[in-house]
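If you want the building blocks of each chain, they are given just below.
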Amino acid sequence: MVAFALAAVLLNTIDARGFIASAAVGFAIMYGGGFSWFVIVAVFFTLGVVFTLYKYGYKRRLGAAQGKGGARNWPHILANGGFASVAAIWNLTSPGIVPGAVFLGAISTSAADTVATELGLLSHSRPRLITHPSRAVPAGTSGGVTALGFVGAAFASFVIGIMALAMEVLPNPYLILPLCMVGGIFGAVFDSLAGAAIQRKGYCIICLKPTEALKHCGEKTMATQGKWYVENNVVNVISTIAGAAASLVMLAALAPIF
Ligand SMILES: [Zn+2]
């Protein structure tokens, strides 16, 4: 686990605080969920790195690339791995299929959202606002969706599902793929809805560029839309909870059948 996070630092995909956050998430997952859960988190991490670096130069020219070669900071790691860690700690106190389903829904959402975002940036057709499909928005705008992004969300959920099946994350194999697909796709769509409806958008007071970040050019940005405290990581946390809830609903629907 530590070796894995250290490799990520050496590959420049996380910074120093990101390393500590990853180690904490990794430890909670490993301790509460065991090796099979840890492999699923590693698969999510790998999907994120591969799709972030895919055509990175093009995304950079677009002005929509993740900074520092896709290096993730600690709030980003906790936003994506935090709720999955809660499921792992829950699994420690009362192991079973319910925390397992919560974990799969949360991690599928993180994977689906990450791949949808990175793949969607490469779409030839302009993103449309999920709440107003007639309105085209610049690539990288939260709440903007593309068909390619949706395919990415489905693909990422499928990969997580297949790996969870191979690693026997749940005792009942028939449940795994539907739980991951429904949780991941619902969570990613929820992420776009929340991104459009409540996420802060604004501009930099120095360079006047539109931005969703809290800080730009070293200064606090001016918020013009959404709730000022709802930035991307907050939306990500809420979405992992929504994705986990969708997986639980799916579990309740399917458990009597299988
Ligand atoms: Zn600026």
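Reference entry: report on the structure contained in this document.

1. Considerations on the overall build of the protein chain
Regarding its fold elements, the protein chain presents ten helices and eight strands. Whereas a compact globule of 258 residues would reach a radius of gyration of roughly 18 Å, the protein chain reaches 18 Å, a difference of no more than 12%. Taking the principal axes of the C-alpha coordinates as reference, the protein chain spans close to 55 × 40 × 30 Å. Considering the protein chain as a whole, with its 258 residues, one finds that 47% of them fall into the buried category. At a minimum sequence separation of 6, the contacts of the protein chain that also span at least 24 residues come to 66%. Accessible surface for the protein chain amounts to roughly 12,500 Å². Of this, 70% is attributable to carbon and sulfur atoms. Each charge class in the protein chain can be summarised by its mean position, and for the 16 positive and 8 negative side chains these summaries are 9 Å apart.

2. Considerations on a nonpolar patch on the surface
On the surface, Tyr203, Ile205, Ile206, Leu208 and Met222 cluster together into a nonpolar patch covering about 470 Å² of accessible area. As for its position among the elements, Ile206 is in the loop between strand E4 (201–203) and strand E5 (210–211).

3. Quick look at unusual backbone geometry
Generally, phi is negative for residues other than glycine and the peptide bonds are trans, each holding for most cases. Backbone geometry places Leu208, a non-glycine residue, at a positive phi of 65°. Along the chain, Leu208 turns up in the loop between E4 and E5. For Leu208, a relative accessible area of 59% puts it in the exposed group. A positive phi is found at Cys217, a non-glycine position, where the angle reads about 50°. In this fold, Cys217 is placed in the loop between strand E6 (215–216) and strand E7 (219–220). A relative accessible area of 47% places Cys217 in the partly exposed class.

4. Points about the coordination of the zinc ion
Only Cys204 (SG), Cys207 (SG), His216 (ND1) and Cys217 (SG) from the protein reach the zinc ion as donors, at distances of 2.0 to 2.3 Å. Around the zinc ion sit four donor atoms, and with donor-metal-donor angles ranging over 104 to 114° the site reads as tetrahedral. When the donors of the zinc ion are listed by position in the chain, the intervening gaps give C-x2-C-x8-H-C. Of this pair, Cys204 sits in the loop between E4 and E5 while Cys217 sits in the loop between E6 and E7; the two residues are 13 residues apart in sequence, bridging distant segments of the chain. Given a relative accessible area of 0%, Cys204 falls into the buried group.

5. A closer look at the side chain of Thr114
Following the sequence through the fold, Thr114 ends up in helix H7 (residues 97–120). Classification of Thr114 as buried rests on a relative accessible area of 10%. Polar side-chain contacts of Thr114 include one of 2.7 Å to the backbone oxygen of Ser110. The residues contacting Thr114, other than those within four sequence positions of it, are Phe44, Gly48, Arg72 and Asn80.

6. Let's talk about the pairing of strand E2 (residues 132–136)
Where a strand is regular, its side chains alternate between the two sheet faces. Summarising the sheet, strand E1 (residues 128–129) and E2 pair through two bridges and their orientation is antiparallel. Paired with Arg128 across the bridge in E2 is Ala136. Where E1 folds back onto E2 in an antiparallel hairpin, the turn is made up of two residues.

7. So, the environment of Leu148
Relative to the helices and strands, Leu148 resides in helix H8 (residues 147–166). Expressed as a C-alpha distance, the spacing of Leu148 and Gly120, which sit 28 residues apart in the sequence, is 5.5 Å. Setting aside residues no more than four positions away along its own chain, Leu148 makes contact with Leu119, Leu122 and Ser123.

Criteria and cut-off values
- Residues numbered from 1 in each chain as written.
- Predicted model: local features only at pLDDT ≥ 70, side-chain atom pairs only at ≥ 80, totals over all residues.
- Heavy atoms only, no water.
- Helix = DSSP H or I, 4+ residues; strand = E, 2+ residues; numbered from the N terminus.
- Rg over C-alpha atoms; globule rule 2.2 N^0.38 Å.
- Buried < 20%, exposed > 50% of the residue type's maximum accessible area, 1.4 Å probe, protein only.
- Contact = heavy atoms within 4.5 Å.
- Areas by Shrake-Rupley, 256 points an atom, 1.4 Å probe, with all protein chains shown as cover.
- Lys, Arg positive; Asp, Glu negative; His and termini not counted.
- Charge placed at Lys NZ, Arg CZ, Asp CG, Glu CD.
- Patch = residues over 30% accessible without salt bridge, like charges linked within 9 Å, V, L, I, M, F, W, Y side chains within 5 Å.
- Salt bridge = Lys/Arg side-chain N within 4 Å of Asp/Glu carboxyl O.
- Donors = N, O, S within 2.8 Å, 3.2 Å for Na, K, Ca; no water.
- Tetrahedral: all angles 85-135°; square planar, octahedral: opposite > 155°, others 65-115°.
- Polar contact = N/O pair within 3.5 Å; in protein donor to acceptor, adjacent residues only side chain to side chain.
- Pairing = 2+ DSSP bridges.

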